[in-house]
Amino acid sequence: MESDLSSDDEVTTIGAGDSDVEQINSGGDWRLPIKETDVNRRFFIEFIDGRKTTRRKCRDCGCVIESSGNTTNMRKHIRSCKKRMVSNQGILPFKVGAPEKKGYSIIAKLVYVDNFPITKVANSAQLKTMFEKLNYDKVTYQSLNCYLEELYHRAVSKMKSILAQRSKADLMSITFDKWTAIGDNKFIGVYVYHKVTKYCLGLIHYEGVCRSSDIINHLGERLKIFGLELSDMDYMVTDCGSDVQKVAQDADIFNFPCLCHIINLIVKRLLIENFDDFADEDDFEFITDSRYRLNYSDIILKVRSTVKDILSKPTLCDRLKAAQNIQGNTPLKLVAENATRWNSLFDMLERFVSLRNSVELIVDLHDFDWAKVSELINLLKPLKECTMDLQDSKANVKTAVSILKFLRQKSLSNDLLGKAIKTVWDKWIRPNQVADALLHGDGTFYDYIRRKKMPVVEDTEHSYGADASSSYKTFKDQCQNSSEFDIIDALDGFIPANVDAERLFSWGRLSKNYLQCQMSPDNHSRNVFLNKCQHLI
C-alpha cells in the first residue's frame, strides 16, 4: 500500500556519514521529506531504488513501523514511544530554527503555570476569537502540544550549556525521591546542586518495581541528557529508605540523610513506646495502629476527632467564626493533621490550643486535659523550629551543623525527647560518615569528600558552646558565633534536606488533577519541568 506521500515529492537524503542513516538488507536508505508536518517530521522515509516504501523509522528511538496510507500508526507510536525525548546525540529538536508562533508563549503558560488542561486551552472559543482578531497563528491541540515540546527542548539545552561551564573542582550533589501520582503513575523527582544553585531535572517515569539498580539506571539516563554522569556527584541527600541506602552503596557516593526525615523519625519515636519493634516501617498512620503503644495517644486522638468533626460540618465552622468575632479575635480555621506533611501534628495542636476559648463555646471539652496538650507542644516545638529552618531556601551547611549539634546536645538529656533523639541518632546519624565529619569538622571536610574517605572520629559527649535547654533559634545563634563553628566556604552549597524533591511532588499533584487524570506520564513530566524551569524558557 502506497504511503500518503507520492514518490515525486521532494526529499532530502541524509548524508552517508550521518549516524541517523540506516542501510537495510534490501538496499534501502532513509530520507527526510522537505515538506514536514507535525507527525512526518518525527520519521524517516524508506526509499528503495528511488521509490518510497510504506516503512517509517522513528527519529527518536529508531523503531521501524508500517504506514497504512495515513498517519494513524505514526501518531500511535509517538504517544507510546518511551524515548522520544532522547536521541543518541542528546536532545533532538522537533524543528531546528522554527519561527516563534504568535501568541503561543502566552497560552502555553496557561498549561504549565496555571494548570489548565491543554484540550481546554486549545478548544477555547474565546481564545480562538481573540487570536483571529489579533491575526495570530491558529491554535490546535497538536500545534500547542508541539510548541510545549519545543519549549522543553529549549530549556533542556540551556540548562545543559550552563552545567557544562561548571568547574570540575566544585562539589556537586544530587537529591531524589520516589512518588506515585494519580492513576498509579510512578515517578522519581531529581534535583542536582552546584554551589548555591539548584537545577531541577524533572520527573522520571518508571513502571513496576524500582530497585536500587533500576534507580541508578534511571538517574544515569536522566543525568546524561544534561551532560552529567552519576560519578560527577560527590554526595547525595535522600530519605532513610533501605533502597536509597543501597543506591549510595552501589554507586559509591556518600549519602547524607535528609534532616527533615530524621526529625520526622524523632517525632515517631517520641510518640511510640515500642518504636524499636517497628523502626524500619514507613507507616505514618501509626496513631490508629493497634500494634503501637503510644505516648499522648488519648490526647492526639481526642484533638484529631474534634478538629475533624468541626471541619466536616459547615454549621460548626460558622459558629467557631462567630465565637471568635464576639471575642474580638481575627477568625482563624482549625488545622487538620496530614500524615504526609511535616509538622502537621504540631500545627494542629498549636492552633487547637490557641482557639481554646472559642472551641469550648461550641464543643463540650469539660474533661479535656489541656495541660497535657501544652506539654506535647513544648516537646515538639524545637523540632518544628529545626524543620522550618531546613525548609528555608537559604539553608546550607551551617544550618545542617547547627541542627546536628542541637540534636546531639538534646540527646544527652534524660527526658522523653532526649531518649527519642538518642534512639534515632544511634541508628541513622552516628553511622553516617558525612554527618560525623560535619559534626566534628575541622575545615577539611572538602578534602575528605573528594578523596572518598572520611576521618574516623570518636563521638563523645561534648558541649558545643551553647545551651541546648534554650530554643533552637537561641542555640543556633550561640553556636554559629562560637569559635568552634569552623566551616570552609567550599561547602556553602551543601544541601541538608531533600525539600526541593518534595516540593516538586507537591506541584506534580497540582498539575495532574481530576481534570487531567488522563494526561500521559511524559506530558505530565514535561509540564512539571517547564514550571520549575521557567527562567530558562
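Below: a short report on this structure. Just so it is clear, the model here is predicted, and its values are computed rather than measured.

Moving on: the overall build of the protein chain. Helix and strand counts for the protein chain come out as 20 helices and 10 strands. The buried share of the protein chain, taken over its 537 residues, is 50%. Pairs at least 24 apart in sequence give 62% of the contacts found in the protein chain among residues at least 6 apart. Here the protein chain has roughly 26600 Å² of accessible surface; of this, 48% comes from carbon and sulfur atoms.

A few words now on the environment of Ser161. Topologically, Ser161 is positioned in helix H5 (residues 141-164). For Ser161 and Phe226, which are 65 residues apart along the polypeptide, the C-alpha to C-alpha distance reads 8.3 Å.

One non-glycine residue, Asn115, lies in the positive phi region at around 65°. With respect to the helices, strands and loops of the structure, Asn115 is situated in the loop between helix H2 (104-112) and helix H3 (118-122). Since its relative accessible area comes to 16%, Asn115 is described here as buried. Although it is not a glycine, Asp252 adopts a positive phi angle of roughly 60°. Residue placement: Asp252 occurs in the loop between helix H7 (242-251) and strand S10 (254-257). Judged by its relative accessible area of 54%, Asp252 falls in the exposed class.

Looking now at the pattern of salt bridges. Opposite charge on two side chains lets them pair, provided their charged atoms get close. What the rule picks out here adds up to 12 salt bridges. Between Arg526 and Glu149 there is a salt bridge, and its shortest N-O distance comes to 3.3 Å. Highlighted residues: Arg526 in helix H20 (residues 521-532) and Glu149 in helix H5, separated in sequence by 377 residues. The pair formed by Arg526 and Glu149 is uniform in burial state, with each residue classed as buried. Put simply, Arg166 and Asp232 hold a salt bridge, and the shortest N to O gap is 3.3 Å. With Arg166 in the loop between H5 and strand S6 (172-180) and Asp232 in the loop between helix H6 (212-225) and strand S9 (235-238), this pair connects stretches of sequence that are 66 residues apart. Judged by its relative accessible area of 11%, Arg166 is buried. Here the residues in one salt-bridge network are Lys422, Asp426 and Arg430, joined through shared partners.

Looking now at the side chain of Asp177. Note that Asp177 resides in strand S6. No salt bridge is formed by the buried Asp177. Its closest oppositely charged neighbour is Lys178, at 7.4 Å. Filtering out sequence-adjacent residues up to four positions away, Asp177 remains in contact with Phe187, Ile188, Gly189, Asp239, Asn498, Ala501, Glu502 and Phe505.

Now for the packing of aromatic side chains. One pass over the structure, following the stated rule, counts eight aromatic pairs. Centroid distance Phe352 to Phe368: 5.8 Å. Interplanar angle 65°. Geometry classified as edge-to-face. On the criterion of sequence distance, the pair formed by Phe352 in helix H11 (residues 344-354) and Phe368 in the loop between helix H12 (356-362) and helix H13 (370-390) is long-range, its members being 16 residues apart. Consider the rings of Phe352 and Trp370, whose centres lie 5.4 Å apart with planes at 15°: the pair is stacked. With Phe352 in helix H11 and Trp370 in helix H13, this residue pair connects regions lying 18 residues apart in the sequence.

Parameters at a glance
- Residues numbered from 1 in each chain as written.
- Predicted model: local features only at pLDDT ≥ 70, side-chain atom pairs only at ≥ 80, totals over all residues.
- Heavy atoms only, no water.
- Helix = DSSP H or I, 4+ residues; strand = E, 2+ residues; numbered from the N terminus.
- Buried < 20%, exposed > 50% of the residue type's maximum accessible area, 1.4 Å probe, protein only.
- Contact = heavy atoms within 4.5 Å.
- Areas by Shrake-Rupley, 256 points an atom, 1.4 Å probe, with all protein chains shown as cover.
- Salt bridge = Lys/Arg side-chain N within 4 Å of Asp/Glu carboxyl O.
- Lys, Arg positive; Asp, Glu negative; His and termini not counted.
- Phe/Tyr/Trp six-rings, centres within 6.5 Å; stacked < 30°, edge-to-face > 60°.

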